[in-house]
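Topology and contacts: notes
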Amino acid sequence: MNELEVKRVPFMGTDLMAAKDESGTIWAGVCWMCEGIGLSKGQMQNERARIHADSVLSQGERNLVLPSKGGNQSTLCLKLDFVPLWLAKINITPAMQAETPELAARLALSASTCSSAAP
């Protein structure tokens, strides 16, 4: 994977960095998606570990070098096709509902959208 087409794309009210590789596969930066849905830094670290440990999600992960505020950095990315599954797998806890109801509502909406697309 030598050439990447990198650009900012809208995601849940913010922008995230996405890249298209030579084969046409689109990859989305996990850190930007986590920020976009409102996860804390600790929650983002947990999600990165969970993606890596998940037998399905890990099939759609790859580290790509993408531009960031600190310059080009290796960034955990998910294939675009895996993003709805990842969002649906984020556990909406009672603590999340109490502390960040907007986040819980976004995740619930995402999960219901994902489930309505299932056969």
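If you're wondering where the values come from, they're calculated on a predicted model, not measured in any experiment.

1. Overview of the overall build of the chain
Broken down by element type, the chain carries five helices and five strands. Scanning the chain from its N terminus toward the C terminus, one meets helices and strands in the order β-β-β-α-α-β-β-α-α-α. Taking all 119 residues of the chain together, the buried fraction comes to 34%. Considering only contacts within the chain whose residues lie at least 6 apart along the sequence, 46% involve residues at least 24 apart. Just so you have it, the chain exposes about 7000 Å², and 52% of that area is on carbon and sulfur atoms.

2. Structural notes on helix 1 (residues 30–37)
Burial runs high along helix 1: seven of the eight residues are buried. Following helix 1 by one or two positions, glycine 38 has its phi on the positive side, about 95 degrees.

3. Some thoughts on the pairing of strand 4 (residues 61–68)
Here strand 4 runs beside strand 5 (residues 71–79); their pairing, made up of eight bridges, is antiparallel. Counterpart to leucine 64 in the pairing with strand 5 is threonine 75. The turn joining strand 4 and strand 5, which pair antiparallel and follow one another in sequence, is formed by two residues.

4. Describing the confidence of the model for the chain
Averaged over all residues, the pLDDT of the chain is 84; the fraction at 70 or higher stands at 89%. Confidence, expressed as mean pLDDT per element, reaches its minimum in the chain at helix 5 (residues 101–117) with 72 and its maximum at helix 2 (residues 41–53) with 94.

5. A short note on the sheet that holds strand 2 (residues 14–20)
Spatial ordering of the open sheet is given by 1-2-3-5-4, a layout of five strands whose pairing is antiparallel. Among the strands making up the open sheet, the edge pair consists of strand 1 (5–11) and strand 4. Neighbour to neighbour, the strand axes of the sheet diverge by 45 degrees on average, direction disregarded. The pairing of strand 3 (residues 26–29) with strand 5 spans three bridges and is classified as antiparallel. Bridging across to strand 5, tryptophan 27 finds its partner in lysine 79.

6. Let's talk about the layout of surface pockets
One simple way to see leftover space: roll a probe sized like a water molecule over the atoms. By volume, the largest pocket amounts to about 360 Å³. Looking at the largest pocket, it is lined by 16 residues, and the ones nearest its centre are Cys31, Trp32, Glu35, Ser68 and Lys69. Grouping the amino acids of the lining of the largest pocket by side-chain chemistry returns six nonpolar, five polar and five charged.

7. A short note on the side chain of aspartate 54
You can see aspartate 54 is positioned in the loop between helix 2 and strand 4. At 2.8 Å, the side chain of aspartate 54 and the backbone nitrogen of valine 56 are in polar contact. Within the structure, aspartate 54 has its side chain in polar contact with the backbone nitrogen of leucine 57 (distance 2.8 Å).

The rules behind the values
- Residues numbered from 1 in each chain as written.
- Predicted model: local features only at pLDDT ≥ 70, side-chain atom pairs only at ≥ 80, totals over all residues.
- Heavy atoms only, no water.
- Helix = DSSP H or I, 4+ residues; strand = E, 2+ residues; numbered from the N terminus.
- Buried < 20%, exposed > 50% of the residue type's maximum accessible area, 1.4 Å probe, protein only.
- Contact = heavy atoms within 4.5 Å.
- Areas by Shrake-Rupley, 256 points an atom, 1.4 Å probe, with all protein chains shown as cover.
- Pairing = 2+ DSSP bridges.
- pLDDT = per-residue confidence, 0-100.
- Axes fitted to C-alpha atoms, helices over the stretch in contact; angles between N-to-C directions.
- 1 Å grid on protein atoms, 1.4 Å probe; cavity = no way out; pocket = protein on both sides within 12 Å on 5 of 7 lines; lining within 4 Å.
- Points joined across faces, edges and corners; volume = space filled by probe spheres on them.
- Nonpolar A, V, L, I, M, F, W, Y, C, P; charged D, E, K, R; others polar.
- Polar contact = N/O pair within 3.5 Å; in protein donor to acceptor, adjacent residues only side chain to side chain.

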